[in-house]
Amino acid sequence: MTAWHLAVDRDRCMGTGICAGTAPALFRLDGRHSAPVNDSIDPDESALDAADSCPAAAITVTARETVIGPRP
Ligand code: SF4
């Protein structure tokens, strides 16, 4: 199984907490910003859901060095 990689751009993140609400196992608020609980995860649709729903487009999901989320 190919690992996915999660990243949050702290310069873009507005600290809404939407990602932590959408995927609480994957994202948590770290002060005023979100951060991935783990940078590397097993494929998990909720990571894409979180990336899609981030109003700041701050979340990037990558697999095999290809960005797969947020989805167009
Ligand atoms: S949904 Fe986006 S803006 Fe909101 S806390 Fe998560 S990464 Fe930050």
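Owing to the predicted nature of the structure, the values given are computational and were not obtained by experimental measurement.

Trainee: I'd like to hear about the overall build of the protein, residue by residue, with values.
Mentor: Of the regular secondary structure elements, the protein holds two helices and six strands. Written out in order from the N terminus, the α and β elements of the protein read β-α-β-β-β-α-β-β. Rg of the C-alpha trace for the protein: 11 Å, near the compact-globule value of 11 Å for 72 residues, within the 12% margin. Once the C-alpha set of the protein is aligned to its principal axes, its extents read approximately 35 × 25 × 20 Å. Buried positions account for 38% of the 72 residues belonging to the protein. The long-range share in the protein, meaning contacts at least 24 apart out of those at least 6 apart in sequence, stands at 52%. For the protein, the exposed area adds up to about 4,300 Å²; of that, 49% sits on carbon and sulfur atoms.

Trainee: Please provide a residue-by-residue account of the nonpolar core, values included.
Mentor: Side chains that are nonpolar tend, in soluble globular proteins, to be buried together. Counting residues in each nonpolar core, the largest one holds 19 residues, and the members touching the most others are W4, L6, L26, F27, A47, I59 and V61. Elements that contribute at least two residues to this core include exactly β1 (4–8), α2 (45–53) and β5 (59–63). In terms of residues, this core owes the most to one element, α2, which gives four residues. Residues within four places of I59 in sequence aside, it is in contact with A7, V8, C19, F27, A50, A51, C54, G69 and P70.

Trainee: Any chance you could break down the pairing of strand β3 (residues 33–36) for me, citing the residues and the numbers?
Mentor: Inspection of the sheet shows strand β2 (residues 27–30) paired to β3 by four bridges, in the antiparallel sense. Across the sheet, the residue bridging to R28 is A35, located in β3. Here β2 folds back onto β3, and the loop between the two strands holds two residues, one of which, G31, carries a positive phi near 70°.

So, how was this worked out
- Residues numbered from 1 in each chain as written.
- Predicted model: local features only at pLDDT ≥ 70, side-chain atom pairs only at ≥ 80, totals over all residues.
- Heavy atoms only, no water.
- Helix = DSSP H or I, 4+ residues; strand = E, 2+ residues; numbered from the N terminus.
- Rg over C-alpha atoms; globule rule 2.2 N^0.38 Å.
- Buried < 20%, exposed > 50% of the residue type's maximum accessible area, 1.4 Å probe, protein only.
- Contact = heavy atoms within 4.5 Å.
- Areas by Shrake-Rupley, 256 points an atom, 1.4 Å probe, with all protein chains shown as cover.
- Core = buried A, V, L, I, M, F, W, Y, C linked by side-chain atoms within 4.5 Å.
- Pairing = 2+ DSSP bridges.

These results come straight from atomic positions and should not be treated as a statement about function.
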